[in-house]
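# Topology and contacts: notes
Letter by letter, the chains look like this.
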Amino acid sequence: MYTSRNTKVTLFNYFYKIQIILGYYYLCINATKDSSCQCISKLNRQSILVPRKEYCVVNNIKFDANNVKEEQIKQMVKIDAGTYFIGTNNPVFVADGEGPKREVVLTNFYIDKFEVSNKDYMAFVSTTGYITEAESFGDSFVFENLLTQNMKNKINKAVAQAPWWLPVKEASWQHPEGPNSNITFRMDHPVVHVSWNDAVAYCNWIGKRLPTEAEWEVACRGGLSDRLYPWGNKLMPNSQHKANIWQGNFPIENTEKDGYKGTSPVTRFLQNKYGLYNIVGNVWEWTADWWITKHSHNQQINPIGPSSGSDKVKKGGSYLCHKNYCYRYRCAARSQNTPDTSAGNLGFRCAIST
Ligand SMILES: [Ca+2]
Ligand SMILES: [Ca+2]
C-alpha cells in the first residue's frame, strides 16, 4: 500500500509546481473573504490529480478496544456513554459553524490523553516505511518566525494575506523547519506536518481511529457545561498558563510567557477533569468529520458529520493562536483543511470505540 504511493511522488511534484500557483490564488481569494482569522484554515493543497487510496473509511469501521494493546489503553481515557452538549449559542466566529449549542448522545469511547508524539509516529514509520504527504509533495507550510534567516532567504513565496506562512521545501514531520532541522530533542513533542490521510494511516496501524468532532468536543469539555475552555471560562486561573498558545503581538512578537515559542511536550499542559493534555493549544487536531457549518438543532446519536465533503474538521487551535488573531483555543471553535494539507501546527490524537 505504501509502495504504490511512493511511485506517484514524481507525478505529484510535476503537477504541484503548476497547481501551487493556482493554490495561492485560491488562498488569497478566501483569505480576503475571511479576515477574522488567517490561521491555516485556508492553507489547502490543490494538487491531487491522481486517484489516491484511502487507508480506510473511518466512519464505517468498527474498532474493538480489546484489540488495542493494554499499554495503549493506559494512555487513553474513557469517556462514558451519555448525553452531552456541543457547540455554543454564543459563537465568536459565526461563519465557522460554532453554533448552535446542540445535544448529542454518545456511546462509550476512549480518547488519547496526549497528542500523538514524534516518538509515536516514528514507531509507525519505522515499522511500515510510510511516507507522509508532505514528503511526497516535497514541502509543507512553516511559520516564518520559526525559520532561520538563512532558510527565509531561500524562500521567495508566501501565502497571500498571511505572509508569515511559507512553503518550505523538504519540511516534514522529521524536519519541521526544513532539511536543516530535526526532532532529536523533540521526540516528546506532537508530530506535525501530518495530513489527515497521514493521521488516519497512523490510527489504523495502531488499531485506533480519529475521534469524531462530537467525541473530540465532549472530551474537550471535560464534563463542564457552557464553558469556553476545558478547565472553565478564565484563560489563566490563578495566573497559571493552561495551554500553549501565543503571548505578545502576533505575528511579530512572541513573548513565550507560557514557556514555548513553538510546540511543547505532549505531556506539558493538563487541562481538564478527564485527564487530557493539550486538547486546546499546542497543535490543531484532525477529527474524522467532513466540514460543514450548518448544524441541526435536533439531538443526534453518535453523529459522524456529513458523508462527504472537501475539507476535514480540525479542533483546538495551536501555539500560534492569540485572542486578537485566532481565538480558536476554545472547545466550540473549529476550522478546516483539505485532507492532504499539512503544516507545522497541525497534528492529531486517536480514539477507539468500546
Ligand atoms: Ca506559546
Ligand atoms: Ca491540541
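Residues numbered from 1 in each chain as written. Chains lettered and ligands numbered in written order. Predicted model: local features only at pLDDT ≥ 70, side-chain atom pairs only at ≥ 80, totals over all residues. Heavy atoms only, no water.

Quick look at the overall build of the protein now. Regarding its fold elements, the protein presents eight helices and 12 strands. Buried positions account for 56% of the 354 residues belonging to the protein. Long-range contacts, defined as pairs at least 24 residues apart, comprise 75% of the intrachain contacts of the protein with a sequence gap of at least 6. Surface summary for the protein: the accessible area is close to 15300 Å², and the carbon and sulfur share equals 52%. (Helix = DSSP H or I, 4+ residues; strand = E, 2+ residues; numbered from the N terminus. Buried < 20%, exposed > 50% of the residue type's maximum accessible area, 1.4 Å probe, protein only. Contact = heavy atoms within 4.5 Å. Areas by Shrake-Rupley, 256 points an atom, 1.4 Å probe, with all protein chains shown as cover.)

With that settled, the discussion passes to the packing of helix H4 (residues 118–128) against helix H7 (residues 196–206). Packed helix pairs are characterised by how far apart their axes lie and by the angle those axes make with each other. Running from N to C, H4 and H7 cross one another at 80 degrees; their axes reach a closest spacing of 10 Å. Between H4 and H7, the angle falls in the class roughly perpendicular. Note on element contacts: H7 touches H4 through Asp198, Ala201, Tyr202 and Trp205, opposite Asp120, Tyr121, Ala123, Phe124, Thr127 and Thr128. By residue class, the composition of the contact of H4 with H7 is six nonpolar, two polar and two charged. (Axes fitted to C-alpha atoms, helices over the stretch in contact; angles between N-to-C directions. Parallel < 35°, antiparallel > 145°, perpendicular 65-115°, else oblique. Nonpolar A, V, L, I, M, F, W, Y, C, P; charged D, E, K, R; others polar.)

The next thing to look at is the state of the cysteines. Scanning the model with the defined rule gives one disulfide in all. Covalently, Cys220 is tied to Cys331 through a disulfide, its sulfur atoms 2.2 Å apart. On the sign convention where negative is left-handed, the bridge of Cys220 and Cys331, at about -75 degrees about the S-S bond, is left-handed. Here Cys331 lies in the loop between strand S9 (312–315) and strand S10 (335–337) and Cys220 lies in helix H8 (residues 213–221), a separation of 111 residues in the sequence. You'll find Cys220 and Cys331 in the same group, each marked buried. Counting only cysteine sulfurs, Cys326 is the nearest neighbor of Cys321, a cysteine outside any disulfide, at a range of 3.4 Å. Assessed through its relative accessible area of 2%, Cys321 is described here as buried. (Disulfide = S-S within 2.5 Å.)

Glancing now at the coordination of the calcium ion (ligand 1). A four-donor tetrahedral metal ideally has 109.5 degree angles, and a six-donor octahedral metal ideally has angles of 90 or 180 degrees. Donor atoms from the polypeptide that bind the calcium ion (ligand 1) are Asn244 (OD1), Ile245 (O), Asp258 (OD), Asp258 (OD) and Tyr260 (O), placed at 2.4 to 2.5 Å. Summarised as a motif, the one-chain spacing of the donors to the calcium ion (ligand 1) is N-I-x12-D-x1-Y. Here Ile245, found in the loop between H8 and strand S7 (284–290), pairs with Tyr260, found in the loop between H8 and S7; they are 15 residues apart in sequence, far enough to count as distant. Taken as a pair, Ile245 and Tyr260 share a single burial class, namely buried. (Donors = N, O, S within 2.8 Å, 3.2 Å for Na, K, Ca; no water.)

Before going further, it helps to spend a moment on the confidence of the model for the protein. Summarising the model, the protein shows a mean pLDDT of 86, and 81% of its residues fall at 70 or more. Long-range and interchain partners of residues 1–40, a stretch whose pLDDT sits below 50, account for 76 contacts in this model, where long-range means more than four residues apart. Low pLDDT (under 50) marks residues 47–63, which in the prediction has 43 contacts with non-local residues, meaning those over four places away or in another chain. (pLDDT = per-residue confidence, 0-100.)

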